[in-house]
Each structure stands twice: as C-alpha cells, then as structure tokens.
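Take a look at the letters that make up each chain.
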Amino acid sequence: MLVLALFSSVAAAAVPAAPPLDRKTVSLALANELATAVIEKCMALGKASVVAVVDRGGNLVALQRGDDIGPHNTIAAQRKAFTALSTKTATTLLAKRAATDPTAGNLTTVPELLLLGGGLPLVVEGETIGGIGVAGSGGSANDDLCAAAAIAQVLPTNH
C-alpha cells in the first residue's frame, strides 16, 4: 500500500495541472443589445416578437417580449436559441434536414430541441458563444430575418 501511495503521489506531481479553459461567451450587455436589435427589426416589419439569447452553456441571458405575443412563443424562442447553440446550426436548416434526411429525422425526438426557423448560433471569431431565438413575428421567415439582421448589426465582423 505504501508503495502504491508513494507511486501515485510521484505520478501526480509529474503531470502538470491542466489550465482552465479560456472561452468567449455571451455577456448580459451583448445579449440585451442583440435582443433590442431583434425587437426593433421586427417592429420595422410591422411585427411584434419575442427574442431569447442564451450563452455558450445554454443558459438564458436575456429575454424580451413584444406586446400581445402568445406565451408559447416565449418558450419557443428560448428553445430555438438553445437548439441553434447546441447544434451550432440554424434551426431552419435543421428542420429541413430532419424532413428530408432519414438520419437526421431523429432530431425531432429530442425534447429540448425545436426544429422551427428563427434560431441562429452566435459565432465570434469562429467560436460559437451562444444562440439567439426569435418567435411570434408571423412565421419562420420573419423570425430568421429579424435574428439575422440583429446579428449583422451587433456582430458585424461575422458577416
């Protein structure tokens, strides 16, 4: 036992400690800026909407909801943001894949994912740092348009 304990302590001392990860994520200020940009873009289209922004861990950072938006849209926006983050893919593309590719069809069985347009990953310097989800603006095309416009406005280096 003593030999094993001695060997374990020597082996542990020889291996350098792993450094902590240094990664970007969505700040509250960034999330609010993105959410405001979505609401403004949708309002310019004459549509109200709800927008959710999640950080790289899938945690809700910001949520803004326009007046008279159905409560189901709040949940949908958050799930779209989570889906885009988790899969690092636009939810419109995922929905198309699930409908046309039998190997992707099982994505519809994962309860946390929502395969409806309006969710986009947030990418900075090639790294997915979060996700944005928009719902309630009159269909997936509008949801996508508002999300993409906000990203282009707030994160212009990615386009």
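Above this text is the structure in question.
Fair warning: this is a prediction, and the values are worked out from it, not measured in the lab.

K.L.:
Quick one: what's the story with the nonpolar core, residue by residue and with numbers?
P.N.:
Leu-34, Val-38, Val-51, Val-53, Leu-122 and Ile-132 are the most contacted members of the largest nonpolar core, which has 24 residues in total. Among the secondary structure elements, those contributing two or more residues to this core are helix H2 (28-44), strand S1 (50-55), strand S3 (119-124), strand S4 (127-135) and helix H5 (140-154). In terms of residue count, H2 provides more of this core than any other element does, eight residues in total. When residues no more than four places from it in sequence are discounted, the contact partners of Val-38 are Ser-49, Val-51, Ile-132, Val-134, Cys-146, Ala-147 and Ala-150. Ranked by size, the runner-up nonpolar core spans seven residues in total, among them Val-50, Ile-69, Ala-77 and Ala-135.

K.L.:
Give me the lowdown on the pairing of S4, citing residues and values where you can.
P.N.:
Burial analysis of S4 places eight of its nine residues in the buried class, which makes it a mostly covered element. Relative to S4, S1 is paired through six bridges, and the arrangement is antiparallel. Bridge assignment links Val-53 to a residue of S4, and that residue is Ile-132. Pairing of S3 with S4, which is carried by six bridges, proceeds in the antiparallel orientation. Along S4, the bridge assignment pairs Pro-121 with Gly-131. The hairpin formed by S3 and S4 contains two residues between the paired strands, and Glu-125 there has a positive phi angle of roughly 50 degrees.

K.L.:
Give me the side chain of Thr-91: which residues, what numbers.
P.N.:
As for its position among the elements, Thr-91 is in helix H4 (residues 91-100). Of note is the side chain of Thr-91, whose polar atom sits 2.8 Å from the backbone nitrogen of Gly-119. When sequence neighbours within four positions are dropped, the list of residues in contact with Thr-91 reads Lys-80, Thr-83, Ala-84, Leu-114, Leu-115, Leu-116, Gly-117, Gly-118 and Gly-119.

K.L.:
Which residues make up the pattern of salt bridges, and what are the values?
P.N.:
Taken as a whole and judged by the stated rule, the model has three salt bridges. For Arg-56, the salt bridge is made with Glu-127, and the minimal N-O distance between the two is 2.8 Å. Taken together, the positions of Arg-56 in the loop between S1 and strand S2 (60-65) and Glu-127 in strand S4 put the pair 71 residues apart, joining distant regions of the chain. Given the relative accessible area of 24%, Glu-127 is considered partly exposed. One salt bridge connects Lys-80 with Asp-143, and the closest N-O pair in it is separated by 3.0 Å. Taken together, the positions of Lys-80 in helix H3 (residues 71-87) and Asp-143 in helix H5 put the pair 63 residues apart, joining distant regions of the chain. Assigned by exposure class, Lys-80 and Asp-143 land together as buried.

Quick notes on the rules
- Residues numbered from 1 in each chain as written.
- Predicted model: local features only at pLDDT ≥ 70, side-chain atom pairs only at ≥ 80, totals over all residues.
- Heavy atoms only, no water.
- Core = buried A, V, L, I, M, F, W, Y, C linked by side-chain atoms within 4.5 Å.
- Buried < 20%, exposed > 50% of the residue type's maximum accessible area, 1.4 Å probe, protein only.
- Helix = DSSP H or I, 4+ residues; strand = E, 2+ residues; numbered from the N terminus.
- Contact = heavy atoms within 4.5 Å.
- Pairing = 2+ DSSP bridges.
- Polar contact = N/O pair within 3.5 Å; in protein donor to acceptor, adjacent residues only side chain to side chain.
- Salt bridge = Lys/Arg side-chain N within 4 Å of Asp/Glu carboxyl O.

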